[in-house]
Amino acid sequence: MTLATLRLDIVSAEKEIFSGEVEMVFVTGEMGELGITPGHSQLLTTLRPGFVRIISKNKEEEVIYISGGMLEVQPYIATVLADTAIHAAEIDIAAAQAAKEQAEKALAGKVSAMEIAKATVELAEAAAQIRAIQQLKNKARIK
């Protein structure tokens, strides 16, 4: 590892999704968007459903959807512990759209706080998957 890179590990309950040296990482923390670079101050935060955008040391970009989790940052090491993590290219857009529509319908017809909370989480996760796919498509158009 050089001082111009950051060691990034992204793991889910199922497997390790990413491990390598990167120049920068972008994630959505509990309080908003975060950009992590080498030498960043120590940080521990929860992550919202969304995507992790990785800028490799070769200036290539990778997008990984996460359903939430935790981020730990040390000056030259960052670890994402995700509930679920999927490479954006592997997300089924049709399934994500269907899940979003189903969650919106469920949210509209629910009255109990538990049903509303569950539908809200499902909607946030589906919307985050769709945003991850859109980010990947936007990246492809820019090249």
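Report on the accompanying structure. (Residues numbered from 1 in each chain as written. Predicted model: local features only at pLDDT ≥ 70, side-chain atom pairs only at ≥ 80, totals over all residues. Heavy atoms only, no water.)

## Considerations on the overall build of the chain
Alright, step 1. Broken down by element type, the chain carries two helices and nine strands.
Alright, step 2. The helix and strand sequence of the chain, counted from the amino end, reads β-β-β-β-β-β-β-β-β-α-α.
Alright, step 3. The burial tally for the chain puts 36% of its 143 residues in the buried class.
Alright, step 4. A sequence separation of at least 24 residues applies to 54% of the contacts in the chain between residues at least 6 apart.
Alright, step 5. As presented, the chain carries roughly 8100 Å² of accessible surface, and 56% of it is formed by carbon and sulfur atoms. (Helix = DSSP H or I, 4+ residues; strand = E, 2+ residues; numbered from the N terminus. Buried < 20%, exposed > 50% of the residue type's maximum accessible area, 1.4 Å probe, protein only. Contact = heavy atoms within 4.5 Å. Areas by Shrake-Rupley, 256 points an atom, 1.4 Å probe, with all protein chains shown as cover.)

## Looking at the packing of aromatic side chains
Alright, step 1. Taken as a whole and assessed by the stated rule, the structure comprises zero aromatic pairs.
Alright, step 2. Here Arg-53 stacks its cationic end above the ring of Phe-26, 4.1 Å away from the centre of that ring. (Phe/Tyr/Trp six-rings, centres within 6.5 Å; stacked < 30°, edge-to-face > 60°. Lys NZ or Arg CZ within 6 Å of the ring centre and 35° of its normal.)

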